Structures are given as structure tokens and as C-alpha cells.
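Structural overview for review
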Amino acid sequence: SLRWFQAALLEGGVDAFLKYWIALETLAMPNTSDVRPVHETLRRIYNITYQEACERFLVGRISGLRNHIVHDGLQPRIDPRLESYLTAIYLDILFDSLGVPPEYRTAREMACPEFNLLAYLPSSKRRPGDR
């Protein structure tokens, strides 16, 4: 997981996005591609309900973007703030798995006035030329 995370930090764009996702999947979703374990961990870290974790962190939407990139050939522009957001999620979950007190990095990332997660998640519809 750390190898993929480090590789993501050294890149940008779609390749970095996929590497962040693989790092997160390796760390938090062993033996499954279901995002439920990620939401469960974030639920526990932030002391909120599972539904609140799903609605707040949108990991399912991020997984959908990953699926469209990998399976449909979508080549969206990946905003650097989405990369920062994935870094924050990864570190929140890594620290939790190591038993380190939470730093709530994802919440801090989301608290920035210019942060708009939905704006960083492009439409999942394929465009001409994507494949």
C-alpha cells in the first residue's frame, strides 16, 4: 500500500489518481472492491453514522470514477485538490490502522473554503474520443 501511495505522490493526473486508489484499496479493502470498509473506518474515525460517512466522503463516487477510467477508458482531468483529498483519506485510514490518534486530515481538507468535492468528480458519462 505504501509503495502505491509513494508512487502516486510522485505523479499527477489520472495515473496518480489510480495509484492513490490502489493504495487505498490495498490498505482498507482487502479481498474486495467494495468501498464499505472505507466508509466504516471513516465512520469510526469521525464518530458519525455509516450513512453520514457515505454522504460526506463520497468514496463510492470516487470508486465510480475509477471504474469509468479503468473500464470505459475515460481520461478526465484530475484536479490536484482531488489528489489532496485522496491523500487525506489514505492518511486518516493509515493512522487508524496503525493505532495512531486521528489527525482528521480529510475533514481539514474539506474545511478549506475553496474545496468542492463534487466539482472535482467529473461526469461519469463517456465523451466522444474516450476509450
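Residues numbered from 1 in each chain as written. Predicted model: local features only at pLDDT ≥ 70, side-chain atom pairs only at ≥ 80, totals over all residues. Heavy atoms only, no water.

1. Structural notes on the nonpolar core
Core analysis: the biggest nonpolar cluster contains 39 residues, and Val38 and Leu82 have the highest contact counts within it. Looking at this core, the elements that each hand over two or more residues are α1 (2-9), α2 (13-28), α3 (36-46), α4 (50-57), α5 (59-72), α6 (80-98) and α8 (117-120). Here this core takes nine residues from α6, the largest share from any one element. In this view, valine 38 contacts Leu24, Ala28, Met29, Val59, Ile89 and Ile93; residues no more than four positions away in its chain are not counted. (Core = buried A, V, L, I, M, F, W, Y, C linked by side-chain atoms within 4.5 Å. Buried < 20%, exposed > 50% of the residue type's maximum accessible area, 1.4 Å probe, protein only. Helix = DSSP H or I, 4+ residues; strand = E, 2+ residues; numbered from the N terminus. Contact = heavy atoms within 4.5 Å.)

2. What to know about the side chain of arginine 66
Along the chain, arginine 66 turns up in helix α5. Among buried charged residues, arginine 66 stands out as having no salt bridge; its nearest opposite-charge side chain is glutamate 25, 4.7 Å away. With near-sequence residues (within four places) excluded, arginine 66 lies in contact with Phe17, Leu18, Trp21 and His71. (Lys, Arg positive; Asp, Glu negative; His and termini not counted. Salt bridge = Lys/Arg side-chain N within 4 Å of Asp/Glu carboxyl O.)

3. Quick look at the packing of α2 against α5
When two helices pack together, their arrangement is given by the angle between the helix axes and the distance between those axes. Interhelical geometry of α2 versus α5 gives an angle of 125 degrees and a closest axis separation of 11 Å. Here α2 is positioned oblique relative to α5, judged by the angle of their axes. In this structure, α2 meets α5 at a crossing whose hand is left-handed. For the pair α2 and α5, the contacting residues are Val14, Phe17, Leu18 and Trp21 in the first and Val59, Ile62, Ser63, Leu65, Arg66, Ile69 and Val70 in the second. Considered class by class, the residues forming the contact of α2 with α5 number nine nonpolar, one polar and one charged. (Axes fitted to C-alpha atoms, helices over the stretch in contact; angles between N-to-C directions. Parallel < 35°, antiparallel > 145°, perpendicular 65-115°, else oblique. Left-handed = near helix turned anticlockwise from the far one by under 90°. Nonpolar A, V, L, I, M, F, W, Y, C, P; charged D, E, K, R; others polar.)

4. Some points on the pattern of salt bridges
Evaluated as defined, the whole model comprises seven salt bridges. We note a salt bridge from arginine 36 to glutamate 40, for which the minimum N-O separation is 3.2 Å. Of this pair, arginine 36 and glutamate 40 are both found in helix α3, four residues apart, which corresponds to roughly one turn of the helix. Overall, arginine 36 belongs to the partly exposed group, its relative accessible area being 39%. The partly exposed category is assigned to glutamate 40, whose relative accessible area is 23%. A salt bridge links glutamate 103 to arginine 105; its shortest N-O distance comes to 2.8 Å.

5. Describing unusual backbone geometry
Positive phi values are uncommon outside glycine, yet asparagine 47 reaches one of about 55 degrees. Within the secondary structure, asparagine 47 is located in the loop between α3 and α4. Positive phi is not limited to glycine here, since tyrosine 104 has a value of about 55 degrees. Inspection of the secondary structure puts tyrosine 104 in the loop between α6 and α7 (105-111).

6. Brief notes about α4
Within the sequence span of α4, burial applies to Ala53, Cys54 and Phe57. For α4, the arc enclosing every buried residue in end-on projection is 100 degrees, short of the 170-degree limit, so these residues lie on one face. In this structure, the buried side of α4 is in contact with α3, α5, α6, α7 and α8. Of the residues flanking the end of α4, it is leucine 58, one or two places downstream, whose phi is positive at about 55 degrees. (Arc of directions from axis to C-beta.)

7. Some points on the packing of aromatic side chains
Going through the model one piece at a time under the given rule, you end up with six aromatic pairs. Measuring from centroid to centroid gives 5.1 Å for tyrosine 46 and phenylalanine 57, while their planes differ by 45 degrees, and the two rings are tilted. Here tyrosine 46 is found in helix α3, whereas its partner phenylalanine 57 is found in helix α4, with 11 residues between them in sequence. Taking relative accessible area as the criterion, tyrosine 46 reaches 10% and is therefore assigned buried. Here the aromatic residues Phe5, Tyr20 and Tyr90 are joined through ring pairs into a cluster of three or more. Positioned over the ring face of tryptophan 4 is arginine 3, at 4.6 Å from the centre of the ring. Sitting over the ring of tyrosine 50, arginine 36 keeps its end group 4.1 Å from the ring centre. (Phe/Tyr/Trp six-rings, centres within 6.5 Å; stacked < 30°, edge-to-face > 60°. Lys NZ or Arg CZ within 6 Å of the ring centre and 35° of its normal.)

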